[in-house]
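These are the residues of each chain, in order.
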Amino acid sequence: MGVEVVVEGLSKSFGRQTIWGDVTLTLPQGEISVLLGPSGTGKSVFLKSLVGLLRPEHGRVMINGVDICSCSEHKLYETRKLFGVLFQDGALFGSMNLFDNIAFPLREHTRKTEAEVRRIVLEKMEMVGLIGAEKKLPGEISGGMRKRAGLARALVLDPEIILFDEPDSGLDPVRVAYLNQLIVDLNAQIDATFLIVTHDIGTARTVPDNIGMLFRRELVMFGPREVLLTSTEPVVEQFLNGRREGPIGMSEEKDAAQAAAELAALAANGGSTLGGPKGGGGTGIVPQIEVSPGLPVRAAVRRRKERVMRILHTLPPTAQQAIVASLTPDEQAYFGVYAGAGAPQRMTQPIAPPSPQPREPWTPSPWTRPGGEA
Ligand SMILES: Nc1ncnc2c1ncn2[C@@H]1O[C@H](COP(=O)(O)OP(=O)(O)OP(=O)(O)O)[C@@H](O)[C@H]1O
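The following paragraphs examine the structure supplied in this document.

Rules used in this analysis
Residues numbered from 1 in each chain as written. Predicted model: local features only at pLDDT ≥ 70, side-chain atom pairs only at ≥ 80, totals over all residues. Heavy atoms only, no water. Disulfide = S-S within 2.5 Å. Buried < 20%, exposed > 50% of the residue type's maximum accessible area, 1.4 Å probe, protein only. Salt bridge = Lys/Arg side-chain N within 4 Å of Asp/Glu carboxyl O. Pairing = 2+ DSSP bridges. Helix = DSSP H or I, 4+ residues; strand = E, 2+ residues; numbered from the N terminus. Axes fitted to C-alpha atoms, helices over the stretch in contact; angles between N-to-C directions. Contact = heavy atoms within 4.5 Å. Phe/Tyr/Trp six-rings, centres within 6.5 Å; stacked < 30°, edge-to-face > 60°. Lys NZ or Arg CZ within 6 Å of the ring centre and 35° of its normal.

## What to know about the state of the cysteines
Now for step 1: Tallying each qualifying case throughout the model produces zero disulfides.
Now for step 2: Lacking any disulfide linkage, Cys 69 is separated from the closest cysteine sulfur, that of Cys 71, by 8.3 Å.
Now for step 3: Looking at Cys 69, the relative accessible area reads 12%, which means it is buried.

Following this line, the structure appears as structure tokens:
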């Protein structure tokens, strides 16, 4: 199972330029999280800070009890082994074929025999659908294949945390759809903790369990997907709808009065706007991508339900309603909630099956759809 990443009060500057400050969030173990934000808000800097390539000035990043912002070089080296990183362009060596590119971390960081290397490389190439392309050079394949090769390379050391820096950049919508399915399927198979930086709204709406957003040098929000997808925060709505009207301007942010005037004009116009975001926009909840048939269910989905139901009362009412509405009637009974009008109600008398006392961690048992999401 992937490990939890706890970020507390993290701040990063370059000289006098503050990139972001006081960022606090937890990437829950094995769950898929997405980080959104306009260009230049420091998403890549955040990924580099998580893996210890950049050292923020304040705050902590706790992984397995190690603060990677202040630990020794040796601890940092050890902790980095938990990570797999998919860089934007795949970061493949142009003169090496795909097999050697993917084998590279194994040959560099382990003492495995060539037979073992071959077995692992072919296993990972199969996972990402690249069997048969071992001899190809990066320059001979499509952008989508290069991303998948980069992903296979990120997988060879069996990471517990995978960071994806704009995995969908430069891909057509069909390739993005395939890649998103692959990400969900991989999560089901390896149960590692995933963090994806993306600008693709379709990806943000359908792939993650949690969504966060950076804007104006801070983390605007981070939480279960239902929180951002039902948010009425202007910057979140503008981003998710790919609108010009709102606080985000051409070079990051606009004057507050101008943004307010634009939003008022937009509301008067019934909310219609020209153009649309990449990946399809709109607010509201859309179903998450399900794991492909024949693969294991995502263990993170069950854990997330338990986790989110524990914090339900702390979430905005619209998010609470969306979360409760996503539960099956049996799950609602198990958790003792029902989705009536307004905010979800706690039931005083749960209907059958009765909640076990003391309650066991939630398990799929009779209420899980066979082969599907819990
Ligand atoms: N090593 C560095 N030294 C100085 N400034 C840097 C460095 N790395 C990044 N920056 C600055 O940090 C800011 C955030 O950059 P970053 O690439 O993280 O943004 P981003 O949100 O990932 O953008 P995009 O969505 O366009 O990829 C930019 O102003 C960039 O110039």
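## Examining the pattern of salt bridges
Now for step 1: All told, the structure shown has 16 salt bridges when counted by the stated rule.
Now for step 2: Put simply, Lys 81 and Glu 78 hold a salt bridge, and the shortest N to O gap is 3.4 Å.
Now for step 3: Given the relative accessible area of 39%, Lys 81 is considered partly exposed.
Now for step 4: Here Glu 123 ties to Arg 119 by a salt bridge, and the two come within 3.6 Å at their closest N and O atoms.

## Remarks on the sheet that holds strand β8 (residues 193-197)
Now for step 1: Strands sit in the order β6-β7-β8-β3-β9-β10 across an open sheet of six strands; the sheet is mixed. Pairing within the sheet leaves two strands with one partner each, and these edge strands are β6 (83-86) and β10 (218-224). The mean angle between the axes of side-by-side strands here comes to 15°, regardless of whether they run parallel or antiparallel.
Now for step 2: The pairing of strand β9 (residues 210-215) with β10 spans six bridges and is classified as antiparallel. Residue pairing in the sheet places Gly 212 in a bridge with Phe 222 of β10.

## A look at the side chain of Ser 231
Now for step 1: Within the secondary structure layout, Ser 231 lies in the loop between α8 (225-229) and α9 (234-241).
Now for step 2: If we skip the residues at most four places from it in the chain, Ser 231 touches Met 221, Val 236 and Glu 237.

## A closer look at the packing of aromatic side chains
Now for step 1: Considering all chains together, one arrives at four aromatic pairs under this definition.
Now for step 2: When the ring of Trp 20 is compared with that of Phe 46, the centres are 5.6 Å apart and the planes differ by 75°; the resulting orientation is edge-to-face. Note that Trp 20 is positioned in strand β2 (residues 17-27) and Phe 46 in helix α1 (residues 43-50), a separation of 26 residues in sequence. Each of the two residues, Trp 20 as well as Phe 46, counts as buried.
Now for step 3: Geometry around Phe 14 places Lys 12 over its ring, the cationic atom sitting 4.8 Å from the centre.

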